[in-house]
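Residues per chain are reported as follows:
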Amino acid sequence: TNIDAMCMWLIKNPQDYSVLVTSNMFGDIISDLAAQLVGGLGFASSGNIGDDYAVFEPTHGSVFKYAGMYKVNPMATFLTVKLMLDWLGETTHAECLESAIANVIKDGQIRTYDMGGKNTTLEMAQAVVAKM
């Protein structure tokens, strides 16, 4: 099927794609697959952008089983905020946030479980804020 072929080509040549337009069901499949190319669902942001309105959310959605545990990587949420700031025209704030995120990842001192570390969601958030 087309979704099978698209998944194969996306994994084989990810550099060939910057924007994919598809239906909701196939978009969900492709976005979860593509998230693995950038570090996993903890890093995947998304925006549904129309002519007048937009909705932004982390690709992973809600993970209720981890509610209150401070376990989940907040980077997808931060990167989603970055997309929203860009869409709103707040490019300076978007660049500041993206730079802070990149510096925390580059430093490697604060890492949630999906990054091979033991830090909490709150510790990751505090590290990003400190870099801003």
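Residues numbered from 1 in each chain as written. Predicted model: local features only at pLDDT ≥ 70, side-chain atom pairs only at ≥ 80, totals over all residues. Heavy atoms only, no water.

Please give an account of helix α5 (residues 121–131) that cites residues and values.
Along α5, the positions that sit buried rather than exposed are T121, M124, A127 and V128. The arc that holds every buried residue of α5, seen down its axis, measures 130°, which confines them to one face. Turned more than 90 degrees away from the buried face of α5, the exposed residues are V129 and A130. (Buried < 20%, exposed > 50% of the residue type's maximum accessible area, 1.4 Å probe, protein only. Helix = DSSP H or I, 4+ residues; strand = E, 2+ residues; numbered from the N terminus. Arc of directions from axis to C-beta.)

Would you mind going over the pattern of salt bridges in detail, with residue names and values included?
As a working rule, side chains carrying opposite charge can pair if their charged atoms are close by. Applying the stated criterion across every chain, the model contains three salt bridges. In this structure, the salt-bridge partner of K82 is D86, at a minimum N-O distance of 2.4 Å. Of the two residues, K82 and D86 are both situated in helix α3 (residues 75–87); the distance of four residues between them amounts to about one turn of the helix. The class for K82 is buried, based on a relative accessible area of 15%. (Salt bridge = Lys/Arg side-chain N within 4 Å of Asp/Glu carboxyl O.)

Outline the packing of helix α4 (residues 91–107) against α5, supporting the account with residue identities and numerical values.
Running from N to C, α4 and α5 point in directions that differ by 120°, and their axes come no closer than 8 Å. Relative to α5, α4 is oriented oblique. Between α4 and α5 lies a crossing of right-handed hand. Judged by residue contacts, L97, A100, I101, N103, V104 and D107 of α4 engage M124, A127, V128 and K131 from α5. Residue classes in the contact of α4 with α5 are distributed as seven nonpolar, one polar and two charged. (Axes fitted to C-alpha atoms, helices over the stretch in contact; angles between N-to-C directions. Parallel < 35°, antiparallel > 145°, perpendicular 65-115°, else oblique. Left-handed = near helix turned anticlockwise from the far one by under 90°. Contact = heavy atoms within 4.5 Å. Nonpolar A, V, L, I, M, F, W, Y, C, P; charged D, E, K, R; others polar.)

Can you break down the layout of surface pockets residue by residue, with the values?
Taken as a whole, the largest pocket holds about 1,200 Å³ of empty space. Forming the boundary of the largest pocket are 32 residues, of which L20, S31, S45, S46 and G47 lie nearest the centre. Broken down by secondary-structure element, the contributors of at least two residues to the lining of the largest pocket are α2 (24–35), β1 (45–49), β2 (54–58) and α3. For the lining of the largest pocket, the leading source of residues is α2, giving eight residues. Tallied by class, the residues present in the lining of the largest pocket amount to 18 nonpolar, 11 polar and three charged. (1 Å grid on protein atoms, 1.4 Å probe; cavity = no way out; pocket = protein on both sides within 12 Å on 5 of 7 lines; lining within 4 Å. Points joined across faces, edges and corners; volume = space filled by probe spheres on them.)

An account of a nonpolar patch on the surface is requested, with residue identities and associated values reported.
Where nonpolar side chains cluster on the molecular surface, the patch consists of I49, V81, M84, W87 and L88 and spans about 430 Å² of accessible area. Sort the elements by how many residues they give to the nonpolar patch and α3 lands first, with three residues. Relative to the helices and strands, L88 resides in the loop between α3 and α4. (Patch = residues over 30% accessible without salt bridge, like charges linked within 9 Å, V, L, I, M, F, W, Y side chains within 5 Å. Areas by Shrake-Rupley, 256 points an atom, 1.4 Å probe, with all protein chains shown as cover.)

Outline the packing of aromatic side chains, listing residues and values.
All chains considered together, the criterion is met by two aromatic pairs. For the pair Y66 and Y113, a centre-to-centre distance of 6.3 Å together with 55° between the ring planes defines the contact as tilted. One end of the pair, Y66, is in the loop between β2 and α3; the other, Y113, is in the loop between α4 and α5, and 47 residues separate them in sequence. Relative accessible area serves as the criterion here: at 42%, Y113 is assigned to the partly exposed category. Positioned over the ring face of Y113 is K71, at 4.8 Å from the centre of the ring. (Phe/Tyr/Trp six-rings, centres within 6.5 Å; stacked < 30°, edge-to-face > 60°. Lys NZ or Arg CZ within 6 Å of the ring centre and 35° of its normal.)

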